[in-house]
Amino acid sequence: MRQRVRIKGVVQGVGFRPFVYQLATRHHLTGFVSNDSEGVLAEVQGEESALAQFHTDLRSQAPPLAHIEAVLIESIQEIIESGFVIHNSIIHPGTSTSVSPDMAPCADCLRELLDPSDRRYRYPFLNCTNCGPRFTIQQGLPYDRPRTTMAKFALCAACQEEYDDPLNRRFHAQPNACPKCGPKLSYHENGQFLAECEEALALAQRALGAGRIVAIKGIGGFHLACDATNDQAVVLLRHRKRRGDKPFAVLFNSIETIRQVATISEAEERLLLSPQRAIVLLEVRPGTNLSHAIAPGQTQIGALLPYSPLHELLVNETPLVFTSGNVSDEPIIKDNEEAFQRLSSVADAFLVHDRDIHISCDDSVMSVFERREYPIRRSRGYAPLPVALPRELPSVLAVGGELKSTFCLTRERQGYLSQYLGDFGSPQTLAAFERAVAHFESLFLTTPRIVACDAHPGYLSSRWARQFAQNRQLPLLEVQHHHAHLASLMVEKGMDGTAPLLGLCFDGTGYGTDGTIWGGELLLVDYHQCRRLAHLRPVPLPGGDGCIERPYRMALAYLFAAGLDWSDDLPCVRACSPSELRLLRQQLGRNIHCVPTSSIGRLFDAVASLLGVCQHVTYEAQAAIELETLAETRENETYPLPLDPSRGVADPTDLLKSLLTDLQSGVPRERIAGRFHRSLARLIVDLAEFGSSHTNQRCIGLSGGVFLNRKLLQLSVDQLREAGWTVLLHEQVPTNDGGISLGQAVVAGHLGALL
Ligand code: ZN
Ligand code: ZN
Ligand code: FE
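Residues numbered from 1 in each chain as written. Chains lettered and ligands numbered in written order. Predicted model: local features only at pLDDT ≥ 70, side-chain atom pairs only at ≥ 80, totals over all residues. Heavy atoms only, no water.

## With respect to the overall build of the protein chain
For clarity, the threshold we go by: Helix numbers and strand numbers start at the N terminus; a helix is a DSSP run of H or I with at least 4 residues, a strand a run of E with at least 2. The globule rule is 2.2 Å times the number of residues to the power 0.38, and the radius of gyration it is compared with is taken over C-alpha atoms. Relative accessibility decides the category of a residue: with a 1.4 Å probe and only protein chains considered, values under 20% of the type maximum give buried, values over 50% give exposed, and everything between is partly exposed. We get accessible surface area from the Shrake-Rupley algorithm with a probe of 1.4 Å; when it comes to residues, only the shown protein chains can shield them.
Broken down by element type, the protein chain carries 22 helices and 32 strands. In summary, the protein chain has a C-alpha radius of gyration of 27 Å against a globular reference of 27 Å for 755 residues, a match within 12%. Looking at the protein chain as a whole, 62% of its 755 residues are labelled buried. By element, 49% of the accessible surface of the protein chain is carried by carbon and sulfur atoms, the whole surface being about 28100 Å².

Okay, here's the thing in structure tokens:
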């Protein structure tokens with residue numbers, strides 16, 4: 001009996017062919033296995049029972065990095081042959097396979113790295129079919145060495161032998177290399193090359209030890225590093241990078257070292273050690289030796305473990321600040337020359353190498369909520385793995401929002417989500433975005449038939465999408481921001497859209513269907529439409545989005561809307577100059593340049609300002625994060641925040657009045673912040689019950705950036721469950737705008753199927 005077996009999914013560059021070879025040999029089958037642009041193709045011939053066993057093992061014993069999406073079997077004519085062979089790659093135009101993400105060194109490679117008798121002892125670029133760079137070095141299809149940035153390194157005899165031996169761990173490991181034939185480290189200062197290999201590494205370590213800032217080239221781009229226990233160094237890095245108060249990630253050498261400064265749950269430990277090696281948000285212990293300048297105003301830090309052999313060698317007992325090598329919120333820099341130029345004012349020295357990065361890929365940021373992954377940024381280690389779609393849709397390119405850009409390209413039942421590309425706005429982001437779109441089109445051999453974007457008329461991503469659609473003569477569909485948030489949650493949960501989802505979107509900014517800014521909505525959504533059932537009462541956003549950087553303006557707007565005095569002793573009044581106060585009063589009074597907003601994010605800003613927590617923000621959601629950090633949520637008291645059942649509108653006026661009374665009677669700010677959190681959690685239950693009275697549903701989805709607030713999330717989830725609700729939370733894509741491209745794609749795909 002002979003079968004043609006086609007295996008789809010992430011099956012290239014992960015040791016799949018040798019695995020099939022070994023399996024076939026073990027079951028005494030003849031035939032061949034090869035890679036092609038559709039995945040892995042094999043022909044196997046032998047006894048029926050042996051073939052059955054082969055298929056069972058194929059699924060159950062697949063290599064660790066493989067991700068099988070489908071196995072198609074077809075009976076064909078037997079032929080006369082002997083033995084089983086591995087064939088070279090064949091490309092069929094018009095088809096494609098999935099691409100593996102970049103993975104941290106496996107246990108076998110780490111052992112070799114530290115074994116003085118091994119020929120790769122302390123070699124910063126060792127890897128095998130179970131680990132190493134993939135997505136960032138791959139230039140085309142199929143995944144073979146000539147189509148990677150390793151093409152320029154000719155394999156030495158020893159490496160070639162491993163590469164050719166089907167039973168070797170490095171059989172067809174495309175980035176295979178050794179100190180003799182592979183990439184090399186080099187160290188540079190003041191535009192001058194100073195050393196290479198071990199000496200380069202030693203110089204970089206010495207510079208870090210001396211409190212200097214070193215730019216280090218990794219897998220997906222450059223990082224800026226400095227001693228995380230050295231205040232001066234960290235403050236200097238913050239200053240040079242013009243970083244404001246936005247927290248830095250920290251690289252540690254081991255779980256034990258992290259445990260000295262932070263508490264780690266079992267699920268968090270698993271995530272830290274997973275081959276994806278994301279930055280994981282952890283609760284910091286009090287009184288650590290970490291610099292206070294790492295995460296000002298926060299009790300969490302983003303920790304990560306080495307994600308490449310180079311980082312394994314680099315970091316010792318002293319943790320390093322490890323932040324993306326970029327300027328403000330631009331994409332991470334990937335090329336040596338660009339780094340030398342653009343990071344010269346930030347870094348004192350450069351530790352680089354000569355393996356090119358074809359496509360940049362910034363670090364992922366993850367957290368754990370109730371033992372499950374709760375993504376904050378889905379990038380290195382995850383991209384470009386697809387998210388499974390509920391059904392086959394016409395191919396869509398969805399461009400996401402404005403901040404935390406990702407795009408999504410769909411093909412059949414897969415949504416290929418891009419890596420994190422930074423905030424839209426700079427030419428660098430735009431260039432990286434365009435490069436990544438073109439790369440995805442070629443890697444997944446897909447040209448979109450529909451383009452999707454946010455409905456916000458001012459978003460640069462929407463403008464880009466309009467231009468792209470025009471150039472390609474494709475339909476452009478606008479998807480409402482919060483519809484996209486909740487649709488992405490529906491996709492994750494495998495909902496096919498036949499039943500709608502009741503969802504709460506608590507968010508910063510999203511353009512509503514009525515031209516106001518939404519962000520505190522109860523919605524009923526499916527993949528075709530989105531109905532607004534209830535929302536927070538809108539207040540004027542004076543000066544539109546410009547108001548977001550100055551929470552005191554939001555507090556004053558809230559007071560104005562509630563008919564409350566701007567009394568001189570309030571922190572928000574003190575933060576505002578007399579002339580700005582005068583202008584603001586006129587603006588609000590005459591309703592000039594005031595966009596109404598129902599955003600919960602803005603309510604957080606207002607309360608943070610009223611309590612004097614934060615008046616100017618230097619990164620997104622800073623005021624809300626600092627208010628959360630402050631909040632003491634143990635007591636049960638709440639402020640009134642009534643929901644009018646006839647209109648579906650929740651009015652925060654009474655909440656603000658009671659909060660001001662507390663403030664003026666000297667209730668500690670921690671408790672006021674806590675009561676505010678509890679009030680919102682209760683509002684969430686009220687909104688859910690209101691939705692239930694219209695729809696009879698007892699299942700609710702939570703999405704939007706506000707749900708990164710863990711205190712609010714925990715209170716809400718607990719109270720909803722207590723009231724008998726099933727709560728759906730994100731696990732695969734972020735609850736912030738990093739996830740909306742997936743929702744846009746699926747909504748546009750459904751609408752486009754009707755065109
Ligand atoms: Zn390995
Ligand atoms: Zn070699
Ligand atoms: Fe959003």
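## Some thoughts on the coordination of the iron ion (ligand 3)
Definition in use: Metal donors: N, O and S atoms at distances within 2.8 Å, or within 3.2 Å for Na, K and Ca, with water omitted from the atom set so that some sites may seem incomplete. Geometry assignment treats four donors as tetrahedral when all angles are between 85 and 135 degrees, treats four as square planar and six as octahedral when opposite donors are over 155 degrees apart and all others between 65 and 115, and treats everything else as irregular.
Within the first shell, the iron ion (ligand 3) binds the protein through H481 (NE2), H485 (NE2), D507 (OD) and D737 (OD), at distances of 2.1 to 2.3 Å. Considering all four donor atoms around the iron ion (ligand 3), the spread of angles at the metal, 88 to 172°, places the coordination shape in the irregular class. In the primary sequence, the donor residues of the iron ion (ligand 3) line up as H-x3-H-x21-D-x229-D. Residue H485 is found in helix α13 (residues 481-492), and its partner D737 is found in the loop between β32 (726-728) and α22 (740-754); the two are separated by 252 residues along the sequence.

## Description of the pattern of salt bridges
Defined as follows: The salt bridge criterion pairs a side-chain nitrogen of Lys or Arg with a carboxyl oxygen of Asp or Glu, the two atoms within 4 Å.
Tallying each qualifying case throughout the model produces 44 salt bridges. Here E112 makes a salt bridge to R169, at a shortest N to O gap of 3.1 Å. With E112 in helix α3 (residues 107-113) and R169 in the loop between α4 (157-164) and β6 (185-189), the pair connects residues that are 57 residues apart, well separated along the chain. Between R698 and E689 there is a salt bridge whose closest N-O contact spans 2.9 Å. The partly exposed category is assigned to R698, whose relative accessible area is 31%.

## Topic: the packing of helix α14 (residues 551-561) against helix α17 (residues 600-610)
Our working rule: Simply put, an axis is a line fit to the C-alpha atoms, just over the touching stretch for a helix, and the angle between two N-to-C directions goes from 0 to 180 degrees. Throughout, the term roughly parallel applies to angles under 35 degrees, roughly antiparallel to angles over 145, roughly perpendicular to angles from 65 to 115, and oblique to all others. Throughout, a residue-residue contact means that at least one pair of heavy atoms, one from each residue, lies within 4.5 Å. Under the scheme applied here, ten amino acids are nonpolar (Ala, Val, Leu, Ile, Met, Phe, Trp, Tyr, Cys and Pro), four are charged (Asp, Glu, Lys and Arg), and all others, including Gly, are polar.
Axis separation between α14 and α17 bottoms out at 7 Å; the angle between their running directions is 95°. Regarding the angle of α14 to α17, the classification is roughly perpendicular. Contact with α14, carried on its side by P551, Y552, M554, A555, Y558 and L559, involves R602, L603, D605, A606, S609 and L610 of α17 and no other residues of that element. When grouped by side-chain class, the residues that make up the contact of α14 with α17 number nine nonpolar, one polar and two charged.

## What about the sheet that holds strand β19 (residues 396-398)?
Inclusion rule: DSSP bridges decide pairing: two strands pair if at least two such bridges lie between them.
On the basis of which strands lie adjacent, the open sheet formed by six strands has the order β18-β21-β20-β19-β22-β23 and mixed pairing. Edge strands, defined here as strands with exactly one partner in the open sheet, are β18 (386-388) and β23 (476-479). Mean inter-strand twist for the sheet, computed between neighbouring axes without regard to direction, equals 25°. Along the sheet face, helix α12 (residues 460-472) touches β19, β22 (450-454) and β23 and points at about 165° away from the line of β22.

## As for the coordination of the zinc ion (ligand 1)
Every protein donor of the zinc ion (ligand 1) is listed here as C106 (SG), C109 (SG), C128 (SG) and C131 (SG), and their distances to the metal cover 2.3 to 2.4 Å. In this structure, the zinc ion (ligand 1) is coordinated by four donor atoms arranged in tetrahedral fashion, with angles at the metal of 101 to 119°. Counting the intervening residues between successive donors of the zinc ion (ligand 1) yields the motif C-x2-C-x18-C-x2-C. You can see C106 sitting in the loop between β5 (84-86) and α3 and its partner C131 sitting in the loop between α3 and α4, a full 25 residues away along the chain. Judged by its relative accessible area of 13%, C106 is buried. Overall, the relative accessible area of 1% leaves C131 in the buried class.

## Here we look at the sheet that holds strand β1 (residues 2-10)
Within a sheet, adjacent strands bond to each other through the backbone by hydrogen bonds, running parallel or antiparallel. If you trace the five strands from one edge of the open sheet to the other, you get β4-β1-β3-β2-β5, paired in mixed fashion. Edge positions in the open sheet fall to β4 (67-76) and β5, since each of these has one partner strand only. Taking each pair of neighbouring strands and ignoring which way they run, the sheet shows an average axis angle of 15°. Pairing analysis gives six bridges linking β1 to strand β3 (residues 39-45), with the strands arranged antiparallel. What sits directly across from V5, in β3, is A42. Against the sheet, helix α1 (residues 16-26) contacts β1, β2 (30-36), β3, β4 and β5, and its axis sits at roughly 175° relative to β5. Helix α2 (residues 48-60) rests against β1, β3 and β4 of the sheet, and its axis sits at about 165° to β4.

## Some points on unusual backbone geometry
In this structure, the amide linkage connecting A383 to the following residue, P384, adopts the cis form with an omega of 5°. The backbone of E370 shows a phi angle near 50°, a positive value even though the residue is not glycine. Mapped onto the fold, E370 is located in the loop between β16 (365-369) and β17 (372-377). A residue is classified by how much of its surface remains accessible, and E370, at 32% relative accessible area, is partly exposed.

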